[in-house]
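# Remarks on the overall topology
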Amino acid sequence: MIEYEIVKHDRLKDVRIFINSIRLRSVHMHHDLELFVVLAGEGIIGIKNEKHHVKKGDTVLINAYDSHEIIATQDSLTILIIQFSNHFLREYYHAIRNTVFLNAAPKSQLREEDYARLLEDMLILSAEYFKADKLFELSCVHYLSDILYLLYRYMDMVELSETEYSKRKKLNQRIDRISAYINENYQGPLRLTDIAEIEGITTTHMSHFFTENFGMPFQNYLKEKRLECAMRMIGDESLTVSEIAASSGFSELKYMTKAFKEAFGISPADYR
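The following paragraphs examine the structure supplied in this document.

Parameters at a glance
Residues numbered from 1 in each chain as written. Predicted model: local features only at pLDDT ≥ 70, side-chain atom pairs only at ≥ 80, totals over all residues. Heavy atoms only, no water. Helix = DSSP H or I, 4+ residues; strand = E, 2+ residues; numbered from the N terminus. Rg over C-alpha atoms; globule rule 2.2 N^0.38 Å. Buried < 20%, exposed > 50% of the residue type's maximum accessible area, 1.4 Å probe, protein only. Contact = heavy atoms within 4.5 Å. Areas by Shrake-Rupley, 256 points an atom, 1.4 Å probe, with all protein chains shown as cover. Phe/Tyr/Trp six-rings, centres within 6.5 Å; stacked < 30°, edge-to-face > 60°. Lys NZ or Arg CZ within 6 Å of the ring centre and 35° of its normal. Axes fitted to C-alpha atoms, helices over the stretch in contact; angles between N-to-C directions. Parallel < 35°, antiparallel > 145°, perpendicular 65-115°, else oblique. Nonpolar A, V, L, I, M, F, W, Y, C, P; charged D, E, K, R; others polar.

## Overview of the overall build of the chain
- When helices and strands are tallied, the chain shows 9 helices and 11 strands.
- Taking 2.2 N^0.38 as the reference for a compact globule, 272 residues should give roughly 19 Å; the C-alpha atoms of the chain span a radius of gyration of 20 Å, in line with that estimate.
- If one aligns the C-alpha atoms of the chain with their principal axes, the spans along those axes are about 55 × 45 × 35 Å.
- Scored against the burial criterion, the 272 residues of the chain give a buried share of 50%.
- Expressed as a percentage of contacts within the chain between residues at least 6 apart in sequence, the contacts between residues at least 24 apart total 73%.
- Element-wise, carbon and sulfur atoms account for 50% of the exposed surface of the chain, whose accessible area totals about 13,800 Å².

## A look at the packing of aromatic side chains
- Enumeration according to the criterion identifies 11 aromatic pairs in this entry.
- Consider the rings of Phe 210 and Phe 218, whose centres lie 5.4 Å apart with planes at 90 degrees: the pair is edge-to-face. As far as the burial class goes, Phe 210 and Phe 218 line up, both buried.
- Taken together, the aromatic side chains of Phe 210, Phe 214, Phe 218 and Tyr 221 make up a single cluster linked through ring pairs.
- Of note, Arg 11 hangs over the ring of Tyr 129, and the distance from its end group to the ring centre comes to 5.4 Å.

## Remarks on the packing of helix H6 (residues 218-233) against helix H8 (residues 253-264)
- Between H6 and H8, the shortest axis-to-axis distance is 10 Å and the interhelical angle comes to 90 degrees. When the axes of H6 and H8 are compared, the pair comes out roughly perpendicular. In this structure, H6 contributes Lys 223, Leu 227, Ala 230 and Met 231 to the contact, and H8 contributes Met 256, Ala 259, Phe 260, Glu 262, Ala 263 and Phe 264.
- Residues that form the contact of H6 with H8 fall into these classes: 8 nonpolar, no polar and 2 charged.

## Examining the environment of Lys 261
- Relative to the assigned elements, Lys 261 resides in helix H8.
- For Lys 261, a relative accessible area of 48% puts it in the partly exposed group.
- Considered as a pair, Lys 261 and Tyr 271 are 10 residues apart in the sequence and their alpha carbons are 9.5 Å apart.
- Beyond its immediate chain neighbours, meaning those up to four positions away, Lys 261 contacts Ile 266 and Ser 267.

See the structure below:
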């Protein structure tokens, strides 16, 4: 599934930190830059059309609006996630607003001692954020500033011109609209043609746009969206498997069964 995620910054302005244990997090995207470290397990992080195999201690850096998915290759993948908007410290370093990182793996670009420093900063930052003791805000700003220094000092990136930034912003607005429309309609019949008509472009153009910006063809995306919906309901034994299939947007139970077997190697009933 592709889902557009709106990140709220409740505890600290422009920053959100949390820990998740994930079996499957289908394709999604959000406003904020995202940096996470694997705490346990192994898995695959798909960013657009690239696949990154990760294990404990690995970090991944994802630009705002880059579509990505998380798939555990063991029982689950536990990750510590730090999200921050491009408004953080922008008054002091304007390039935060319009830079795009070209590499998703900090470990491959930082020196060993700097990578160890990055990991330590991430863990201390998160501990301070979760405890929220007196002066935690200042401590969080301190450690996140050091994280940004390491990323912007050593990672490959490109700084967009104002024209390029404006073009990227319009692209992101189209992605927003498409994501919102699918989120509202995936549980019923949904065609790529419908979306193309709304956007005022041909179906062929929309097909290429979708694959390029969402990292997979529309039908694959829609199947994953429905599969994740079914996974959320599968534990509710008051619902039959057929009812779950219908509620998730699968036209027939056999299609949901096929999706489960492709993803997990077992049927929905066995998964339950």
